[in-house]
Amino acid sequence: MPAEPPAEPPAEPPVEPPAKPPVEPSAGSPVKPSAKPPGRDTYTPESLLAVAVEVFNERGYDGTSMEHLSRAAGISKSSIYHHVRSKEELLRRAIARALDGLFAILDEPDAGRGRAIERLEHVARRTTEVLMAELPYVTLLLRVRGNTRTERWAMERRREFDHRVAGLLKAAAAEGDIRSDPDARLATRLLFGMINSIVEWYRPQPGDAADRERVADAVVRLAFEGLRKQ
């Protein structure tokens, strides 16, 4: 019987090349942007307004372009135009928010009842509180210079607010509760000069309601200790 040919050895499985470890980008390597840009609905009108106010306060309204706003928001200029027609519309919305908060104080019940000195103290306290609650928006309002139609409108509204507060000062003097010197117009400027200076140093912190209350108390105490008749 012829001998059987020797059996062939079993074939070895193919050897896979070792997987290369992922390469971490070095510190100087450029990072590719996301393939999917932010959607047009990434920002709401309110959140876009907040970004615009921050940039306006940092750069000044005149020194801010739509390109600056686009970069700060991380969206395209066309996406911004989806929400607003112009940079000035953003300015008007921001200033209107501050002015609405201030004029609403004059319509509060405690601003319209009692002696004039009590109403005046309420307005001073609430103005301080609104300024701290809406700090970026009131800061922008106080920095307008009248270079655009919106800024001139804002300055006129501010004068109207001051005029109404001066009326309270005159009424309080007529009732004999505050000094008649200085005159109401100057006293109004001094009072709001102190209140408005808060924007230069106050920086809100989470859960600082008690701190805001202390600031408002100090403003009322210091202002009216000087205004009240001794």
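Every value quoted in this text rests on a predicted model; they were computed, and no experiment measured them.

Okay, the nonpolar core next. By size, the foremost hydrophobic cluster in this structure holds 62 residues, and its most contacted members are F56, L69, L90, V123, L131, F161 and F224. Elements represented by at least two residues in this core include exactly α1 (45-59), α2 (66-73), α4 (87-106), α5 (116-133), α6 (135-143), α7 (149-174), α8 (184-196) and α9 (209-227). The element contributing the most residues to this core is α4, with ten residues. Leave out the neighbours within four places in its chain, and F56 touches Y61, T64, L69, K87, L90, L91 and L140.

Attention now goes to the layout of surface pockets. Space inside the largest pocket adds up to approximately 600 Å³. If you trace the largest pocket, you find 22 residues lining it, with R158, R159, D162, H163 and T188 closest to the centre. Listed by contribution, the elements that provide at least two residues to the lining of the largest pocket are α4, α5, α6, α7 and α8. For the lining of the largest pocket, the element with the most residues is α7, which contributes nine residues. Tallied by class, residues from the lining of the largest pocket come to ten nonpolar, six polar and six charged.

In this section: the packing of α4 against α5. Orientation of α4 relative to α5, taken along the N-to-C sense of each, is 160°, at an axis distance of 10 Å. Relative to α5, the element α4 is oriented roughly antiparallel. By crossing handedness, the relation of α4 to α5 is classed as right-handed. Side by side, α4 and α5 meet where G101, L102, I105 and L106 of the first sit next to V123, R126, T127 and V130 of the second. Across the contact of α4 with α5, the residue classes break down as five nonpolar, two polar and one charged.

So, about α7. Here α7 is 26 residues long and its end C-alpha atoms lie 38 Å apart, about the 38 Å a rise of 1.5 Å per residue gives. Within α7 the residues assigned to the buried category are T150, E151, A154, F161, V165, A166, L168, L169 and A172. Along its buried surface, α7 packs onto α4, α5, α6, α8 and α9. G176 occupies a position one or two residues after α7 and carries a positive phi of about 80°.

Turning to the environment of A98, a few remarks are in order. Position of A98 among the secondary structure elements: in helix α4. Classification of A98 as buried rests on a relative accessible area of 1%. Residues A98 and L142 lie 44 residues apart in sequence; the distance between their C-alpha atoms is 9.7 Å. Once you skip the residues sitting within four places of it in the chain, A98 turns out to touch Y137, V138 and L141.

Conventions used here
Residues numbered from 1 in each chain as written. Predicted model: local features only at pLDDT ≥ 70, side-chain atom pairs only at ≥ 80, totals over all residues. Heavy atoms only, no water. Core = buried A, V, L, I, M, F, W, Y, C linked by side-chain atoms within 4.5 Å. Buried < 20%, exposed > 50% of the residue type's maximum accessible area, 1.4 Å probe, protein only. Helix = DSSP H or I, 4+ residues; strand = E, 2+ residues; numbered from the N terminus. Contact = heavy atoms within 4.5 Å. 1 Å grid on protein atoms, 1.4 Å probe; cavity = no way out; pocket = protein on both sides within 12 Å on 5 of 7 lines; lining within 4 Å. Points joined across faces, edges and corners; volume = space filled by probe spheres on them. Nonpolar A, V, L, I, M, F, W, Y, C, P; charged D, E, K, R; others polar. Axes fitted to C-alpha atoms, helices over the stretch in contact; angles between N-to-C directions. Parallel < 35°, antiparallel > 145°, perpendicular 65-115°, else oblique. Left-handed = near helix turned anticlockwise from the far one by under 90°. Expected span 1.5 Å × (residues − 1).

Everything listed here is a matter of geometry and, on its own, says nothing about what the molecule does.
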